[in-house]
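Survey of secondary and tertiary structure
Here is what each chain is made of, one letter per residue.
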Amino acid sequence: MSHTAHIPSHRKPRQRASKSALRAGVAGGVLSTIAVAGAAGPAQAEPVTQTIEMPTITSGLSTAVAASAQATQQVALDLETQAREDAAAESAAKKAKKAKAEAVRKAEAEKKAEAAAKARAEAEAKERAERASRTAERTTLSSPSSSSSGNSASAPASSSAPSSSSNATGSAAAIVAFAKAQVGDAYIGGGTGPNAWDCSGLVQAAYRSVGIDLPRVSQSQSTAGTQVSLDNLQPGDILYWGGAGSAYHVAIYVGGGEFVGAQNSSTGTVQRSMDYDRPSGAVRVL
């Protein structure tokens, strides 16, 4: 190689002057800032002598939460208590309603039983009165009758009964025929036919067959016409037992000293001699 040949240099090329100046300025500024901060820092700093704690809200919050939970629990308990009270009241109301219905049912049953017992007692009393009346009449009829002439012979029991036959005519004959046609029918309290009667029901129906309306009960029928003597009876007359206006039994005189009547539940509707059960009086409607 020629000693004059160019040898490349290994040095880095110089940086431009502008870049160098910029870097110098930046470095200077940084150093100046550090110096100022260092000078000002120690003069303003104060030593830390205590730790400042932030105020806590944990205790207040827990108290409020506890109070809210307690209030909620109390409300729940109140609702549960109210529900139990309501259920108890409803159950008590149902029991009271059931007890009232049972009491009403028992009262009605007792009332019906009392009415039935009263009806039985009245029927038995009536039957006893009828038997007593028959017994008294039979005793009277069986007693010997004295005459003013001193004749000791007793008159027959039926001598006081009228001897008229049953050959009635007109409305009387129709009434008699109707009454006799019912002989054998049953007796029932309040019966008005056609196959079961009580005493006044039979008499009323017999007269109704000829277009005559009579009262329904024996007390009124015993005053429905003209009072007549038992010695002057005619077929179709109404016989009654007891007082006029307070009679407890009625029947129809059919002639020949006999009557037809619905007697009682044991005998039913029968045709009997007046000697069997002597009536107290009679009325004539026709």
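Only a predicted model underlies this, so the values are computations on that prediction, with no experimental measurement involved.

On a plain count of helices and strands, the chain comes out with five helices and eight strands. Traced from its N-terminal end to its C-terminal end, the chain shows the element sequence α-α-α-β-β-α-α-β-β-β-β-β-β. Here the chain holds 286 residues, and 22% of them are scored as buried. Long-range pairs, those at least 24 residues apart, make up 58% of the contacts in the chain with a sequence separation of at least 6. Within the structure as shown, the chain displays about 19200 Å² of accessible surface, and the carbon and sulfur contribution to it stands at 57%.

Here the focus is the sheet that holds strand 6 (residues 258-264). Ordered in space as 3-8-4-5-6-7, the six strands form an open sheet in which the pairing is antiparallel. The open sheet has two edge strands, strand 3 (226-228) and strand 7 (268-273), and neither has a second partner. Ignoring strand direction, the axes of neighbouring strands in this sheet form an average angle of 35°. Here four bridges tie strand 4 (residues 238-241) to strand 5 (residues 249-255), and the two strands are oriented antiparallel to one another. Within the sheet, the bridge partner assigned to leucine 239 lies in strand 5 and is alanine 251. In this fold helix 3 (residues 170-181) packs onto strand 5, strand 6 and strand 7, with an angle of close to 115° to the strand it touches most, strand 5. Across the sheet, helix 4 (residues 199-208) touches strand 4, strand 5, strand 6 and strand 7, and the angle it forms with strand 5 is around 45°.

In terms of burial, helix 4 is a largely internal element, nine of the 10 residues being buried. Among the residues of helix 4, Cys199, Ser200, Gly201, Leu202, Val203, Gln204, Ala205, Ala206 and Tyr207 are the ones counted as buried.

Per the counting criterion, the structure on display carries two aromatic pairs. Consider the rings of phenylalanine 178 and tryptophan 197, whose centres lie 6.2 Å apart with planes at 80°: the pair is edge-to-face. Of this pair, phenylalanine 178 sits in helix 3 while tryptophan 197 is found in strand 2 (residues 196-197), placing the two residues 19 residues apart along the sequence. Relative accessible area serves as the criterion here: at 22%, phenylalanine 178 is assigned to the partly exposed category. Look at tryptophan 197 and you get buried, because its relative accessible area is 3%. Pairing tryptophan 241 with phenylalanine 259 gives two aromatic rings, centres 5.5 Å apart and planes at 65°, and the pair type is edge-to-face. Residue tryptophan 241 is located in strand 4, and its partner phenylalanine 259 is located in strand 6; the two are separated by 18 residues in the primary sequence. The class for tryptophan 241 is buried, based on a relative accessible area of 1%. With relative accessibility at 0%, the residue phenylalanine 259 sits in the buried group. When the ring centre of tyrosine 276 is taken as origin, the NZ or CZ atom of arginine 272, which lies over that ring, is 4.4 Å away.

With that out of the way, let us pick up the environment of alanine 247. Turning to its location among the elements, alanine 247 is positioned in the loop between strand 4 and strand 5. With near-sequence residues (within four places) excluded, alanine 247 lies in contact with Ser218, Gln219, Ser222, Tyr240, Trp241 and Gly242.

Definitions and cut-offs
Each chain carries its own residue numbering, running from 1 in the direction its sequence is written. At least 70 in pLDDT is required for a residue's local features to be given in this predicted model, at least 80 for side-chain atom pairs to be given and counted, and no such filter applies to totals for whole chains, interfaces and linings, which use all residues. Values shown for side chains rest on all heavy atoms present in the structure; no hydrogens or waters enter the calculation. Comment: elements are numbered from the N terminus, with helices defined as DSSP H or I runs of at least four residues and strands as E runs of at least two. Relative accessibility decides the category of a residue: with a 1.4 Å probe and only protein chains considered, values under 20% of the type maximum give buried, values over 50% give exposed, and everything between is partly exposed. By the convention used here, residues are in contact when the closest approach between their heavy atoms is within 4.5 Å. Here, Shrake-Rupley sampling with a 1.4 Å probe gives the accessible areas, and only protein chains in the shown set may cover a residue. Here, a strand pair is defined by DSSP locating no fewer than two bridges between the strands. Fitting a line to C-alpha atoms yields each axis, with helices limited to the stretch in contact; the angle taken between N-to-C directions then spans 0 to 180 degrees. Here is the rule: rings of Phe, Tyr and Trp (six-membered ring for Trp) pair when centre to centre is within 6.5 Å. Planes less than 30 degrees apart are stacked, more than 60 are edge-to-face, and the remainder are tilted. Cation placement over rings: the criterion is NZ of Lys or CZ of Arg within 6 Å of the ring centroid and within 35° of the ring normal.

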